Amino acid sequence: MKNILKPILLLAIITTISFSSNASEQSKKLLNLEWSFKGFFGKFDRASLQRGYQVYAEVCSACHSMKYLSYRNLVEAGGPEFSEEQAKVIASQYEVTDGPNNDGEMFTRPARLSDNFVGSFANEEEAKAANGGSYPPDMSVLVKARKGGANYIYSVLLGYDDPPSDITLDDGVYYNTFISGNKIKMAKPLSESLVQYSDGTPATEEQMAKDVTTFLAWAAEPHLEARHKLGFRTVAYLIIITILVYFSLKKVWSRIETEV
Amino acid sequence: MSDQNYTPKSKLGKWFNDRLPLLTLRAHLTDYPTPKNLNYWWTFGAILTFFLIAQIITGIILAMHYIAHADLAFESVEHIMRNVNYGWLIRYFHANGSSMFFLAVYIHIFRSLYYGSHKSPREVIWVIGMIIYFLMMCTAFMGYVLPWGQMSFWAATVITNLFSAVPLVGESITNWLWGGFAVGSPTLTRFYSLHYLFPFLIFGLVILHIWALHIPGNNNPIGIDVKQPSKDTVPFHPYIVLKDLFALLVFLLLFAFFVFYSPNLLGHPDNYIEANPLVTPNHIVPEWYLLPFYAILRSIPNKLLGVIAMFASIFVLVILPWLDTSKVRSAIFRPLYKQFFWFLVADVIILGYMGAMPAEGIYLLVARVATGYYFVHFLIIFPILGYKEKTLDIPLSITDPILGDSTNQSLAKEQINKK
Amino acid sequence: MSDQKKTKRRDFIFTASYTLGAVGVGTAVWPLIDQMNPDASVKALSSTEVNISDVQPGQSITVLWRGKPVFIKRRTEEEITKAKQVDLKELKHPEKDEDRAKNPEWLVMVGICTHLGCVPLGNKGEYGGWFCPCHGSHYDTSGRIRKGPAPVNLEIPKYEFVDSNTIKIG
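Analysis parameters
Every residue gets a number counted from 1 within its own chain, in the order that chain's sequence is written. Chains carry letters from A onward and ligands carry numbers from 1 onward, assigned in written order. Owing to the predicted nature of the model, reporting of local features is limited to residues with pLDDT of at least 70; listing and counting of side-chain atom pairs is limited to 80 or more, with chain, interface and lining totals taken over all residues. Excluded from the side-chain calculations are hydrogens and water; all other atoms, namely the structure's heavy atoms, are used. Secondary structure elements follow DSSP: runs of H or I no shorter than four residues count as helices, runs of E no shorter than two count as strands, and numbering proceeds from the N terminus. Just to be clear, the radius of gyration here is over C-alpha atoms, and the globule rule we use is 2.2 Å times residues to the power 0.38. Throughout, exposure labels follow a simple rule: accessible area from a 1.4 Å probe, protein chains only, divided by the maximum for the residue type, with under 20% read as buried, over 50% as exposed, and the rest as partly exposed. Here the Shrake-Rupley method, with its probe set to 1.4 Å, supplies the accessible areas, and only the displayed protein chains count as covering residues. Charged-residue counts in this description rest on Lys and Arg as positive and Asp and Glu as negative, His and the chain ends being excluded. Taken as the charge centre is NZ of Lys, CZ of Arg, CG of Asp or CD of Glu, depending on the residue. Exposure above 30% relative accessible area and the absence of a salt bridge qualify a residue for a patch, where like charges join within 9 Å and nonpolar side chains (Val, Leu, Ile, Met, Phe, Trp, Tyr) within 5 Å. A carboxyl oxygen of Asp or Glu within 4 Å of a side-chain nitrogen of Lys or Arg is what we treat as a salt bridge. To define a nonpolar core, start from buried Ala, Val, Leu, Ile, Met, Phe, Trp, Tyr and Cys residues and group those joined through side-chain atoms within 4.5 Å. Any two residues having at least one pair of non-hydrogen atoms within 4.5 Å are treated as being in contact. Should DSSP find at least two bridges between two strands, the strands are taken to pair. By convention, a stacked pair of Phe, Tyr or Trp rings (six-membered ring in the case of Trp) has centres within 6.5 Å and planes under 30 degrees apart, an edge-to-face pair has planes over 60 apart, and any other such pair is tilted. Polar contact criterion, stated in full: a pair of N or O atoms within 3.5 Å, where within protein one must be able to donate a hydrogen and the other to accept it, and residues adjacent in sequence count only if both atoms are side-chain atoms. Put simply, Ala, Val, Leu, Ile, Met, Phe, Trp, Tyr, Cys and Pro go in the nonpolar bin, Asp, Glu, Lys and Arg in the charged bin, and everything else, Gly too, in the polar bin. One less than the residue count of a helix, multiplied by 1.5 Å, gives the span that helix is expected to have. Think of it this way: the bend at a residue is just the angle between two axes, each fitted to seven residues, one set ending at that residue and the other starting at it. Any two cysteine sulfur atoms within 2.5 Å of one another count as a disulfide. As a rule, the C-alpha atoms of each element are fitted with a line to give its axis, helices using only the stretch in contact, and angles between N-to-C directions run from 0 to 180 degrees. Accessible area, probed at 1.4 Å, shrinks when two parts are joined; the buried area is that loss added up over both.

Draft legend 1. Expanded view of the overall build of chain B. For chain B, the count of helices and strands is 17 helices and 2 strands. Against the globule reference of 22 Å for 419 residues, chain B gives a C-alpha radius of gyration of 24 Å, in line with a compact fold. Its C-alpha atoms give chain B principal-axis dimensions of roughly 75 × 60 × 45 Å. In chain B, which comprises 419 residues, the share counted as buried stands at 56%. Accessible surface, chain B as shown: approximately 18600 Å² in total, 70% of it carbon and sulfur. When the 27 positive and 22 negative side-chain charges of chain B are each reduced to one mean point, those points stand 9 Å apart.

Draft legend 2. Highlighting a nonpolar patch on the surface. Residue and element names in this part refer to chain B. Taken together, the side chains of L12, W15, F16, L20, L22, L25 and L29 present a nonpolar region at the surface, about 680 Å² in accessible area. Mapped onto the nonpolar patch, the elements with two or more residues apiece are helix 1 (11–19) and helix 2 (22–31). Its location among the elements puts W15 in helix 1. Judged by relative accessible area, which is 47%, W15 ranks as partly exposed.

Draft legend 3. Local environment of the nonpolar core. Grouped together as the largest cluster of nonpolar side chains are 138 residues, with contacts concentrated most on B:Y66, B:F102, B:L113, B:Y133, B:Y374 and B:F378. Among residues more than four places away in sequence, those in contact with B:F102 are B:Y133, B:M136, B:M137, B:A140, B:W288 and B:Y289. Core analysis: the second largest hydrophobic core is formed by 48 residues, A:Y71, A:A87, A:V96 and A:L113 among them.

Draft legend 4. Spotlight on the pairing of strand 6 (residues 128–132) of chain C. Residue and element names in this part refer to chain C. Relative to strand 6, strand 5 (residues 121–122) is paired through 2 bridges, and the arrangement is antiparallel. Note that in strand 6 the partner of G122 across the bridge is W130. Between strand 5 and strand 6, which pair antiparallel in sequence order, lie 5 residues; one of them, N123, sits at a positive phi of approximately 55°. The loop that links strand 6 with its antiparallel partner strand 7 (residues 137–140) comprises 4 residues; one of these, G136, has a positive phi angle of about 80°.

Draft legend 5. How the structure looks around the packing of aromatic side chains. Residues and elements named next belong to chain A. Applying the stated criterion to the full structure yields 51 aromatic pairs over all chains. Geometrically, the ring pair formed by Y53 and Y56 is tilted, given 6.4 Å between the ring centres and 45° between the ring planes. Here Y53 pairs with Y56, and both are found in helix 2 (residues 46–58), just 3 residues apart, close to one helical turn. Each of the two residues, Y53 as well as Y56, counts as buried. Pairing F215 with W218 gives two aromatic rings, centres 5.7 Å apart and planes at 40°, and the pair type is tilted.

Draft legend 6. Seen up close, unusual backbone geometry. For the peptide bond that leads from B:S120 to B:P121, omega is 0°, which places it in the cis range. By the element assignment, B:P121 lies in the loop between helix 5 (87–115) and helix 6 (123–145). A cis amide bond links B:H237 to the next residue, B:P238, at an omega of 0°. Take B:P238: it is sitting in helix 11 (residues 236–261). At A:E81, a residue that is not glycine, the phi angle is positive and equals roughly 55°. You can see A:E81 is positioned in the loop between helix 2 and helix 3 (84–92). By relative accessible area, which is 36% here, A:E81 ends up partly exposed. Of note, B:L168 is a non-glycine position whose phi angle comes to about 70°, a positive value. Looking at where B:L168 falls in the secondary structure, it is placed in the loop between helix 7 (150–161) and helix 8 (170–178).

Draft legend 7. Up close: the interface of chain A and chain B. Taken together, the contacts link 53 residues of chain A with 54 residues of chain B. Seen at the junction of chain A and chain B, the total is 1 salt bridge. A salt bridge links B:E274 to A:K67, with the nearest nitrogen and oxygen atoms 3.0 Å apart. Seen at the junction of chain A and chain B, the total is 14 residue pairs in polar contact (both at pLDDT 80 or more). Mapped onto the side of chain A that touches chain B, the elements with two or more residues apiece are helix 1 (2–22), helix 6 (205–220) and helix 7 (224–253) of chain A. Per element, the largest residue contribution to the side of chain A that touches chain B is 18 residues, and it comes from helix 7 of chain A. For the side of chain A that touches chain B, a count of residues per class yields 30 nonpolar, 12 polar and 11 charged.

Draft legend 8. Structural detail: helix 16 (residues 361–388) of chain B. Taking 1.5 Å per residue as the helical rise, helix 16 of chain B with its 28 residues ought to reach 40 Å, and the 38 Å between its terminal C-alpha atoms agrees with that figure. At B:H377, helix 16 of chain B shows its largest bend, some 40°.

Draft legend 9. The arrangement of the state of the cysteines in detail. Scanning the entire structure with this criterion turns up 1 disulfide over all chains. Here C:C118 is linked by a disulfide to C:C134, with a sulfur-sulfur distance of 2.1 Å. The sign of the -100° torsion about the S-S bond sets the C:C118-C:C134 disulfide as left-handed. Here C:C118 is found in the loop between strand 4 (106–110) and strand 5, whereas its partner C:C134 is found in the loop between strand 6 and strand 7, with 16 residues between them in sequence. In this structure C:C118 comes out as partly exposed when scored by relative accessible area, which is 22%. Its relative accessible area of 37% is what places C:C134 among the partly exposed residues. Looking at A:C60, it has no disulfide partner, and the nearest cysteine sulfur is the one in A:C63, 9.1 Å off. Here A:C60 falls in the buried class, since its relative accessible area comes to 14%.

Draft legend 10. Here's a closer look at the sheet that holds strand 4 of chain C. Residue and element names in this part refer to chain C. The 3 strands are arranged 2-3-4 in an open sheet whose pairing can be described as antiparallel. The open sheet has two edge strands with one neighbour each: strand 2 (60–65) and strand 4. Taking the axes of each pair of neighbouring strands and ignoring which way they run, one obtains an average angle of 20° across the sheet. Note that strand 2 and strand 3 (residues 68–74) share 6 bridges and pair antiparallel. Its bridge partner lying in strand 3, W65 is registered against K68.

Draft legend 11. Structural context of the interface of chain C and chain A. Opposite the 15 residues of chain C that make contact, chain A presents 12 residues. Between chain C and chain A, roughly 1300 Å² of surface is buried when both sides are summed, and carbon and sulfur atoms account for 71% of that area. It is C:I13, C:F14 and C:L20 in chain C that bury the most area against chain A; as a group they hold 35% of the surface buried on that side. In this assembly, chain C and chain A are joined by 0 salt bridges. One can count 3 residue pairs in polar contact (both at pLDDT 80 or more) joining chain C with chain A. Counting residues per element, the ones that place at least two in the side of chain C that touches chain A are helix 1 (2–7), helix 2 (12–34) and helix 3 (40–44) of chain C.

Here's what the structure looks like:
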C-alpha cells in the first residue's frame, strides 16, 4: 500500500515545482559567470576588486551611494586591500559635513578612513529629483537585494538592447532584457574604455561589468572569505567529532543485548 | 525508578539536596528509563532544546548591538554584519537557526502523529507542545520584522491588518497593535520587547512539556507501553544522551552548510531593501515555515473567514488527541492511517508551495483543495479511521515478541532491531 | 549500569570525544565573548585630530577622545617655569615635566582624575593647575598629583603634532 503513496507524493512535488517555474515573468535566463567568490572555497580576486572600485568611483558613485561602507574597509583583509596610504588618499578626495563647530556652524572637511562613503546627494529626495523621479538605490547590499545576486547585476549591466517592436518607451526609460519588467530608468552606464584601468587591463564592457559586480559582491559580503574559512574548519571539525561520537555510541550500546 | 532512593555522596551534597532536591532531579534525569527501541526520529526533542538555548544566547548577544527604531534598525543590522566582532556569524546563526528550529519542530510533530505520541495518556504533552508551536510562530514573525527590510515591514502590515477583519472593533484593535495608524517605529519597539520575552515563556513551557512527558514516559515506535523497565528500557545517560548528541551533530552539519555557505538561501532578497511604506513588493511572502498557514489564509475569499480558517487550522491541531479515536497508537500497525499520514505530509508541502505563489489561477485552486483536504483529514478521516480501520496485531512487549504467529514475531523483531 | 561504567577502562574513543568536544565548545564560546570587545567602527575612531590654532597662552580646551575628555593647555612661561622647578622628591608620582610635555608650551592630558574618575577643574587648586572637587585632589601646572587621594599623575595619551596647528591624539 505504501508503494502507491511514494509516487503520488513525488507527483505532487514535481507538479508544484513545475508550477513555480511558471511564476516568473517574461525574463530570459540570466548571464552566468564563474564568479571566483562562489562555491565552498570562493575568494575575491583582489585585482578585480580594485578595478571594480575604480568603476564604482568613476561611473556609479555619481548617482549611487554606498552608505554602509567605510573608507577603512578598502584596507581591511578580504577586500580590495588597498594600502592605508592609498585609502587615505581616496578618502581625502571626498568632503564630509562635520560640526557644529564652536560657532554653532556646520563645516566640511576631507573624509578620513573612519568615515563612511560620501554620497553624491544629501538625501533620497535630492537623489530622486536629479534622476527623473527614480531613486538610484544605495549599493551597499544591492547584490543581496536582488534575486540572482551577482549574475543579475552583471546581466542588467550588459542587458541593454533595442526594445522589441511592440514596446514603446517614454522619455528617460530604456529597455533591458534582464531587469524585472524590462524597463529601466537608468541609461546604459557602461561603454567601451569608459574607464582607464590603472593596472592596464583593457576596459571592455564585459570587463568593467565583471569588475564592478565583483566589487559590489564584496561590498555586500565583506566577510565572505572569513566565513568560508571558518566554515571549512567547522565542517571538518563536525565531521571528525561526529565520527568519534558515533563510535562512542556504538560502544555504549553494545553493552545491552539487542537480540531477542 | 531508582531516583526515589537517591542519596548524595557528599555531606555538602546531602545538606543542599535536603533543602533543594536538585541532585535528586539530576539523578532522575540521568537514570530516567527510556524505551530502548527508540529510533532517530526521537532525537528531535533534544535538537529542539539545543536550538532554543542557542537562539536565546545568540539573540541576547544581537540585542547588545541592535537598535529598535525605524530609522536605525536596518543600519544597526548592517553594523552588526560589518563591524561587530563575529557579528556576521552571530546574525547568520540566529537567522538560519530559526529555520533549523522549525525544521526540527515539524519533524518532531510529524513523528508524534505517526507513532501516536499525541494519544492517551500524552494529551497534555501534545497540547503544551501546540502552545509552544504557536508561541514559536509569534516569536519568529516578530523577529523577522526587526531588520526592518521590505519584507519585514510588509509582512507586518499584512498580518496585523488581519485583525481589522474583526467586526465592530477590528480597526481599533489594529491601531492598538500598531501604536499608530500604520506599522511604524512604535510597532517595531513593542515587537522587539515581545520577541525578547516569548522565548523565555517557551522555555518555561518546555520544562512543563518534559515534566509531563516523564510521568507516563516516552512513547516508542511500536506504540505499546513499557512492560518491564529492566528489560524494555535503558537509562537516559549515557545511552540516549549519546544518541541525541550524535543526531544533533549531524543536524549541526546541515546547519553549518546554511550558515557558512548559503546563509541567505532561506531568506528573501527583498529584505535587504530598507522598509519603504510607499512601495509594496511584488510578492509579499512570509518565511518558509509559515507558508502553509499563509496559503490557508489566502484560500478563503472572505477576509474574516480567511483569518478564522487560519486560526482554525492551528486549533484543530490542539484538539487532535480527541479527534483520533483509534485504540492503537503506532502507524506501524495502522495501515490506512499510515497511508493518510503520507497524504497529510504531501498536503502540507503543497500548501507550503502554494503559500509562496501568487494567490491566483491554478495556485489558488490547488491551495483551496489542499486547505479542504487539511480539515477533512483531521475532522473527518481521523475519527472515522479510529472506528473503522482494521489494525494489525501488536506485539506483547518491546522485548518479548508476541507468541504464536511467526509474521508478528518477525515484525516485532524488526521494530526492536531498528535503532 | 553504573557498576559496568566503573569497571570499564577509559577507552580512547571516549577520551578523544570528550577532549575534542571541549575544544569545540571553547572555540564556539570565543565569538560570543569577543563580540563585546570594541568593534571595528569604534576602533577606527581611536584617534582624533584637534585644531589648536585658536588657543591662546594660558587657555585650555577640552576635546573628546575615545569617549574621554582630554585637556589641551597652552601654558604661559610662568606655568612652564613653575613646573620645571618642582623637586621630584616632593612628588607622590615623580615625573619630570620634560617627559610629560615634549613641547613645553603644550600640555596634553586625559582629564580624568586618577582617584575615582571625576573631571578636575582647571585654574583651581593650591598648585596652580587643576583641582578635583569630588575628593580634593590637587594637580600642578604639569598635571602631577601634589595633594589629595589620587595615586598617580594625570595620564598623558599618545599624541603628535601633525603640523603647527594640529595635534593628533591616539
